[in-house]
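Observations on the three-dimensional arrangement
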Amino acid sequence: MSQLAYKFKGAGHEEPERKRKYTSDIRLQEAFSKYLDNVIVDGVGERYILALKLTRNIKASVEEVDALLVGYQGHRNFEQAGFFASAIFNSIPDKKIVFDVKLEELVDGLCYELPKGKTFVNKANVGTIGFHSEGMIINEGEASEIALPKGPSINYGTIDFIEVGPDVKGPAINYGNVSRIGSTTEPFSNASLLNYGRIELFGDDYSSLIINMGTAEHMAKGAQKSSVAINYGKTGENFGSGAHGIVLAAKNPDSFGAKVNARLAWTQEDINEVKPLKKYLEELREKLEPGRKDHNQALAVLEKYTCTNVRKDIEKIVRGAGYEI
Amino acid sequence: MSLDKKMKEIWAREKVRFNQPAIKEPEIVPSIEGQDSAAFDWLTRTIQISKGFVKDLSKYMTEEDILKGCLRHETGHWVYFPRELSDQLYLSSQAHQIFKGKGLPIYQFYADLSNEGHILKNHQTVGKEILQMREVFSKMALGKGDKVSSMLNNFLRAMYANSMKDLPPVPLNTEEQKVFEKLKDIPFLDLSLDDHVASLYRFGKAIENLLPEHCTNSTRCKHGKIDGIPVKEIDRALSDILDKKGVRGYRMVKKMLKDLRPDFQDPYGDNSDKAAAIGAGHQNFARHDEQIPLYRRWAANYGVYIVKRPIESDETALFRQGKKDFEVGDSVQKLDIFGSRGQIAMPGVSKVHMEEEGTLPSVAWSVPHLNLGIDSSGSMPSPDDTRGSPAVLAAFVLGKNYHANGSMVGGWNFSEDIAFVAPSREIEPFYSLMCGRWGGGTVLNTEKLKKLLEEARFGDSRVIYSDEKDLQRIYERLSDEDKKKVTDKSLILDMKKVQAKYEKLDNVIITDGFIGNIEDVVSYLNGLGKITRNFVFITDKRGYADWNKHKLPNTWVYLAEKPEDLKDLALARTKALNTEANTNYRGVR
């Protein structure tokens with residue numbers, strides 16, 4: 001019976017045309033779509049782990065990830081797409097990753113756990129980036145926040161907040177505009193902060209070296225006992241108010257706030273009286289000056305002039321001049 | 001054989017190959033917009049091929065192959081890619097936004113790539129003509145000195161060959177090979193719309209620098225042009241885009257249409273002058289009337305079934321009212337037997353009763369009026385949010401459906417203050433109210449709300465704000481006894497006073513569930529539950545879980561987290577009705 005049926009052609013139909021074999025690798029697209037559909041909104045670590053699981057054995061380029069971000073902008077969980085991008089960026093051999101995709105919505109989670117030796121350059125407008133990254137983050141665009149980076153953070157663009165993490169191995173240097181650079185997480189950071197640009201709130205409650213070569217509206221307020229705050233630039237009212245560490249105005253601020261609690265709180269006139277200190281601070285300024293144009297030079301100086309070294313140097317000079325500290 | 005006849009013969013075979021697409025017989029035309037080309041005309045749904053185009057190509061190919069190639073290509077746009085006008089507009093708008101002036105040419109090349117890719121993939125016996133045509137286009141472009149077009153046509157061929165094994169490889173020169181490295185891995189078939197955007201972006205980035213600012217490539221298919229698309233089709237496509245790609249996609253397409261199709265007038269309106277005329281504003285209440293067309297269109301995609309309930313209303317009826325002299329032609333049934341002095345149907349002598357229309361209070365199953373409260377506190381998305389606000393959408397869906405059922409629509413927009421519109425048959429003030437935003441925290445002032453409802457006059461569509469001035473005005477009108485109640489901040493709803501109004505209303509609240517004084521609101525709903533039915537739409541899962549714990553009488557709590565949650569929604573006793581239907585009619589045939 002089945003043999004007879006086989007002999008008859010389907011009524012009204014011709015034999016369907018054979019198809020060509022089309023091959024393309026769309027595993028990345030599938031993984032991204034799955035990620036966005038399933039991403040857990042609570043817990044940044046979980047988002048990154050999900051992205052890692054989904055991108056296992058997938059090789060992709062920065063351009064492919066950029067294209068996916070453009071394509072999926074309407075997705076309800078698009079804000080979390082940065083963690084997926086990080087999983088890819090961290091796995092590819094490129095040492096320098098430049099992100100310059102114009103997106104309508106701010107994406108969080110870019111350069112999450114960026115490995116040491118890699119550099120992430122942001123030229124776009126992004127959300128919170130840099131969680132636990134050990135590589136270097138350079139912002140040339142706009143970012144909401146660089147949150148808890150472990151490596152150096154350099155800003156040429158605009159950022160709302162650079163929150164320096166507790167285990168930081170690199171400094172934060174600003175050439176652009178930042179609303180706030182500091183740390184809110186204990187144990188406080190020991191990385192240096194250097195400003196060549198403009199900052200609203202610079203090094204509040206901070207615990208390490210704070211140097212201003214640009215403009216800081218408010219500087220070193222409530223800085224910790226281990227901190228050293230030096231102003232070479234323009235600083236607003238109440239410089240170092242409530243600070244417990246060393247507060248030095250190599251150039252006088254609009255008003256000096258550090259008095260009662262600070263280990264050492266000297267104005268420009270006070271410093272001028274102690275010639276070796278004036279010389280030391282002048283030398284440091286000259287060394288930092290070339291860094292105005294090249295962050296690598298600034299980084300090299302800060303590597304040598306750590307907070308501990310500068311504090312010890314200052315203590316030695318001040319004690320040598322017969323003052324108590 | 002003439003060209004027309006040849007085309008008819010070929011089309012008879014090709015339309016079978018493409019499963020009889022719903023397009024008209026193709027035409028040979030003198031030219032298309034002054035150019036020699038082939039195109040699909042959206043207005044007439046016809047494939048057009050210009051005579052000159054066939055003539056130009058016939059130096060390299062037979063006329064049969066040219067016609068086959070053109071017909072397959074243009075039919076492919078209808079059948080395979082982009083297939084839907086909404087997809088075409090969406091992808092074009094993406095390209096327009098990313099690549100500006102080069103956007104449409106880039107989209108057109110990409111659409112050709114995906115379209116021909118589909119044809120080559122789905123029909124193994126087809127391909128020779130399409131590949132040959134691309135090769136010829138390349139040669140012709142080179143002959144005209146158009147190096148870019150020549151390269152692009154080679155790229156398309158090379159991309160087909162790269163992804164389909166049985167196609168011959170395409171030799172590329174060093175310059176072409178350099179660009180092709182970026183193109184070769186781009187997927188272009190069997191993709192979601194989002195993936196197509198991603199591929200389009202990569203494709204565009206690879207060729208962007210090759211294209212001149214004003215790309216006038218003559219060998220490009222005219223398919224992707226926005227000019228000729230009928231307004232009606234664009235209107236439908238916009239609704240599809242809202243449904244498929246949400247508010248972001250819709251806004252992008254509208255932006256592109258504004259640039260490229262200034263003649264397109266949105267039937268849902270492009271401005272809100274009408275809505276703006278509903279009354280004075282309030283300094284803390286931000287109006288977003290410009291969003292009304294968007295939400296009206298979006299809401300049109302959703303229908304809601306509203307279960308009727310018995311409501312007392314004035315039915316019209318005929319009453320005997322006076323008498324008149326009988327005239328020939330009057331109904332004898334209306335004769336006043338006793339007042340006609342024994343003369344039946346005698347003109348001028350006999351009397352007939354006259355009837356006049358009057359009202360009769362009666363209880364009938366009908367759709368109640370709508371009293372909808374929308375939460376517009378800071379935790380709720382703004383109506384102009386990138387993805388739109390599901391809460392505002394829900395409000396529009398409900399308003400539209402109640403209004404369409406002949407009911408009055410009104411409501412209140414609340415955060416810490418309240419803006420209120422009494423139910424009326426005017427829907428624009430309702431829409432305007434729903435698109436407003438207070439911001440701030442959410443403490444629903446049930447006292448203020450009760451007073452506003454007590455004072456409300458149905459049919460008056462002015463917006464009233466619950467600020468101190470309004471309350472003072474209301475307070476002054478109250479009796480001494482009521483004044484005392486307000487001063488004492490009594491939360492007990494005076495049923496008798498508002499019962500007549502509330503009985504006619506369905507009471508709806510749309511919120512994310514995070515209301516500071518939830519106990520007050522529950523108490524308020526409890527009171528209302530005795531005389532009317534309540535619906536609470538919660539736009540947050542956590543809020544929904546919280547609200548579901550409260551066992552409120554005569555109150556239905558729905559989750560409206562996403563627009564999809566509003567699909568196939570029926571308000572009120574659907575389950576009960578199904579059960580009744582099963583009980584009453586099961587087994588009855």
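Residues numbered from 1 in each chain as written. Chains lettered and ligands numbered in written order. Predicted model: local features only at pLDDT ≥ 70, side-chain atom pairs only at ≥ 80, totals over all residues.

**Description of the overall build of chain A**
Scanning chain A from terminus to terminus reveals nine helices and 17 strands. Relative to the 2.2 N^0.38 estimate, which gives 20 Å for 325 residues, the radius of gyration of chain A is 27 Å and therefore markedly larger than a compact globule would have. Projecting the C-alpha coordinates of chain A onto the three principal axes gives extents of approximately 115 × 30 × 25 Å. Out of the 325 residues belonging to chain A, those deemed buried represent 50%. For chain A, the share of sequence-separated contacts (at least 6 apart) that also reach a separation of at least 24 residues comes to 25%. (Helix = DSSP H or I, 4+ residues; strand = E, 2+ residues; numbered from the N terminus. Rg over C-alpha atoms; globule rule 2.2 N^0.38 Å. Buried ≥ 20, exposed ≤ 12 C-beta atoms within 10 Å, placed from the backbone. Contact = placed C-beta atoms within 7 Å.)

**Comments concerning the overall build of chain B**
Scanning chain B from N- to C-terminus turns up 21 helices and 14 strands. Per-residue burial over chain B gives 41% buried out of 589 residues. Considering only residue pairs separated by 6 or more positions, chain B has 71% of its internal contacts joining residues 24 or more positions apart.

**So, the sheet that holds strand E6 (residues 153-155) of chain A**
Residues and elements named next belong to chain A. Pairing in this open sheet of 10 strands is parallel, and the strands run E1-E2-E4-E6-E8-E10-E12-E14-E16-E17 from one edge to the other. Of all strands in the sheet, those bounded by a partner on one side alone are strand E1 (96-99) and strand E17 (264-266). Going across the sheet, the axis of each strand differs from the next one's by a mean of 10°, ignoring polarity. With three bridges connecting them, strand E4 (residues 136-139) and E6 associate as parallel partners. By the bridge assignment for E6, Ile137 is matched with Ser153. (Pairing = 2+ DSSP bridges. Axes fitted to C-alpha atoms, helices over the stretch in contact; angles between N-to-C directions.)

**Quick look at the interface of chain B and chain A**
Listed by partner, the interface residues are 26 residues for chain B and 21 residues for chain A. Counting residues per element, the ones that place at least two in the side of chain B that touches chain A are helix H5 (103-122), helix H9 (193-207) and helix H10 (231-260) of chain B. When residues in the side of chain B that touches chain A are grouped by element, the largest group, seven residues, is from H9 of chain B. Counted by class, the side of chain B that touches chain A contains eight nonpolar, eight polar and 10 charged residues. (Nonpolar A, V, L, I, M, F, W, Y, C, P; charged D, E, K, R; others polar.)

**Focus on helix H5 (residues 81-91) of chain A**
Residues and elements named next belong to chain A. The buried fraction of H5 is high, at 10 of 11 residues. Among the residues making up H5, those that are buried are Ala81, Gly82, Phe83, Phe84, Ala85, Ser86, Ala87, Ile88, Phe89 and Asn90. Considering only its buried residues, H5 is in contact with helix H2 (27-38), helix H3 (44-54), helix H4 (62-71), E1 and strand E3 (125-129).

**Focus on the domain arrangement of chain B**
All names here are of chain B. When the domains of chain B are assigned, the result is domain 1 (1-79), domain 2 (100-225), domain 3 (314-363) and domain 4 (367-419 + 432-454 + 494-581). The gap between the C-alpha centroids of domain 1 and domain 2 is 20 Å. With 18 residues of domain 1 at the contact, the number on the domain 2 side is 18 residues. For the side of domain 1 that touches domain 2, the per-class residue count stands at seven nonpolar, six polar and five charged. (Domains from an automatic or database assignment.)

**Observations concerning the packing of helix H7 (residues 275-288) of chain A against helix H9 (residues 307-320) of chain A**
Residues and elements named next belong to chain A. Close contact between H7 and H9 brings their axes to 8 Å; oriented N to C, the two are set at 160°. The angle between H7 and H9 places the two elements in the roughly antiparallel class. Residues Pro276, Leu277 and Tyr280 of H7 pack against Asp313, Ile314, Ile317, Val318 and Gly320 of H9. Partitioning the contact of H7 with H9 into residue classes produces six nonpolar, one polar and one charged. (Parallel < 35°, antiparallel > 145°, perpendicular 65-115°, else oblique.)

**Points about the environment of Leu566 of chain B**
Residues and elements named next belong to chain B. Along the chain, the position of Leu566 falls in the loop between strand E13 (555-559) and strand E14 (569-571). Residues Leu566 and Pro390 lie 176 residues apart in sequence; the distance between their C-alpha atoms is 8.9 Å. Once you skip the residues sitting within four places of it in the chain, Leu566 turns out to touch Tyr302, Leu393, Ala394, Val397 and Ala560.

**A look at the packing of helix H12 (residues 292-299) of chain B against helix H13 (residues 390-404) of chain B**
All names here are of chain B. At a minimum axis separation of 9 Å, H12 and H13 run at an interaxial angle of 65°. When the axes of H12 and H13 are compared, the pair comes out roughly perpendicular. Crossing handedness for the pair H12 and H13: right-handed. Taken together, the residues of H13 that come into contact with H12 (itself represented by Tyr295, Arg296, Trp298 and Ala299) are Val392, Leu393, Phe396, Val397 and Lys400. The class makeup of the residues in the contact of H12 with H13 is seven nonpolar, no polar and two charged. (Left-handed = near helix turned anticlockwise from the far one by under 90°.)

**A look at the pairing of strand E8 (residues 409-414) of chain B**
Residues and elements named next belong to chain B. Extensive coverage of E8 is indicated by the burial of six of its six residues. By the alternation rule, side chains of E8 split into Val409, Gly411 and Asn413 and Gly410, Trp412 and Phe414, which are all buried. In the classification by handedness, the crossover that spans strand E7 (residues 369-375), the intervening H13 and the parallel E8 is right-handed. The sheet contact formed by E8 and strand E9 (residues 418-424) spans five bridges and is antiparallel. Residue pairing across strands places Phe414 opposite Ile418, the latter belonging to E9. Taking the residues between adjacent antiparallel strands as the criterion, E8 and E9 are bridged by three residues. (Right-handed = clockwise from strand over helix to strand, strands pointing away.)

**Looking at H13 of chain B**
Compared with an ideal rise of 1.5 Å per residue, which puts 15 residues at 21 Å, H13 of chain B spans 21 Å between its outermost C-alpha atoms and is within 8% of the ideal. Where burial is concerned, most of H13 of chain B is hidden: 13 out of the 15 residues are buried. (Expected span 1.5 Å × (residues − 1).)

**Here we look at the nonpolar core**
By size, the foremost hydrophobic cluster in this structure holds 212 residues, and its most contacted members are Ile210, Ala229, Val247 and Leu248 of chain A together with Ala394 and Ala395 of chain B. Leave out the neighbours within four places in its chain, and Ala395 of chain B touches Leu372, Ile374, Met434 and Ile510 of chain B. Judged by nonpolar contacts, the second largest core, of seven residues, contains Tyr502, Leu505, Leu525 and Leu528 of chain B. (Core = buried A, V, L, I, M, F, W, Y, C linked by C-beta atoms within 7 Å.)

**Thoughts on unusual backbone geometry**
Along the chain, Phe81 of chain B connects to Pro82 of chain B via a cis peptide bond; the corresponding omega equals 5°. One can find Pro82 of chain B in the loop between helix H3 (63-79) and helix H4 (85-99). Residue Glu113 of chain A is not a glycine yet carries a positive backbone phi of 50°. Structurally, the position occupied by Glu113 of chain A is in the loop between E1 and strand E2 (119-122). Phi at Leu148 of chain A is positive, roughly 45°, even though this residue is not glycine. Overall, Leu148 of chain A belongs to the buried group, with 22 C-beta atoms counted inside 10 Å.

**Section: the environment of Gly348 of chain B**
Note on placement: Gly348 of chain B falls in the loop between strand E5 (309-325) and strand E6 (351-366). On a C-alpha basis, the gap between Gly348 of chain B and Val328 of chain B in space is 9.7 Å, while along the polypeptide they are 20 residues apart.

**So, the sheet that holds strand E13 (residues 215-219) of chain A**
Residue and element names in this part refer to chain A. Reading across the sheet, the seven strands line up as E3-E5-E7-E9-E11-E13-E15 and stay open at both edges, with parallel pairing between neighbours. The strands lining the two open edges of the sheet, one partner per strand, are E3 and strand E15 (234-235). Two strands pair when backbone bridges link them, and strand E11 (residues 198-202) and E13 are joined in this way by four bridges, in the parallel orientation. For Arg198, the partnering residue across the bridge sits in E13 and is Thr215.

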